[in-house]
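Observations on the three-dimensional arrangement
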Amino acid sequence: MIRLLVLSFIACLSTIGGVYGAVSWKSSAKTDTAKDTGPKLQMMKTHMVSVPILTNGEVMGYVVTRMQFTADTELVKLSTIQPEVFVADEAFRQIYETTPNDIRTGRKQAIKDLAANIAAGANKRLGRDVIKDIMIDSWTYLSKADMMKNNERNR
């Protein structure tokens, strides 16, 4: 009878110890994942950017695009200038300088390079590493003839 009582007491203690261990392990795992591992990012968008595509001094068409990007929330709060303006302007500059050749050749790496160059250029001009990643929200190429048709319809 005493053996049965001792065995029951040991079983209860091991159950309580197991439950306590599981609860404390689970709560310590939650605090580890809750720690902030990096900067908090926010999604932002530029306005539509329309870039003329020139060949030999003649307008061949326009690239119309909108960029989305992630920005460091704390650095955006500290800045007096919003990064959307710099991203849009840098997008215009990069597209204007590189797109004519890339449209003709269809180079797939061009978009990846374009996004990286826009982020680097905007961050350099902002003086901080605010922009983390650039994504293309929309991208359209309109030929000169398409633009003329749209203008005639809108009159």
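Now for a description of the structure that goes with this document. Every chain's residues receive numbers from 1 upward, in the order its sequence appears when written. The predicted origin of the model limits local features to residues at a pLDDT of at least 70 and limits the giving and counting of side-chain atom pairs to 80 or more, whereas totals for whole chains, interfaces and linings rest on all residues. The side-chain quantities take in all heavy atoms of the structure and omit both hydrogens and water.

Side note on helix α4 (residues 109-126)
Since the α-helix turns once every 3.6 residues, residues separated by three or four places project in the same direction. By definition, any uninterrupted DSSP run of H or I lasting at least four residues is a helix, any uninterrupted run of E lasting at least two residues is a strand, and each is numbered from the N terminus. Each residue after the first adds 1.5 Å to the expected span of a helix. When the terminal C-alpha atoms of α4 are compared, their 26 Å separation across 18 residues agrees well with the 26 Å that a helix rising 1.5 Å per residue should span. Think of it in three bands: residues with accessible area under 20% of the maximum for their type are buried, residues over 50% are exposed, and the middle band is partly exposed, with areas taken using a 1.4 Å probe on protein chains only. Turning to α4, its buried residues number three or more, namely A110, L114, A115, I118, A119, G121, A122, N123 and L126. A positive backbone phi angle near 80° is found at G127, which sits one or two residues after α4.

Description of the side chain of T65
Looking at the element boundaries, T65 is found in strand β3 (residues 58-72). Judged by relative accessible area, T65 falls into the buried class, the value being 0%. In terms of polar contacts, T65 uses its side chain to reach the backbone carbonyl oxygen of S138, at 2.6 Å. A 3.5 Å cut-off defines polar contacts: any pair of N or O atoms within that distance qualifies, except that in protein one atom must be a possible hydrogen donor and the other a possible acceptor, and neighbouring residues in sequence count only when both atoms are side-chain atoms.

Digging into the side chain of T70
Examined against the element boundaries, T70 turns out to sit in strand β3. Contacts were defined at the residue level, with two residues in contact if any of their heavy atoms lie within 4.5 Å. Apart from the residues lying within four places of it in its own chain, the contact partners of T70 are L41, Q42, M43, V130, I131, K132, D133 and M135.

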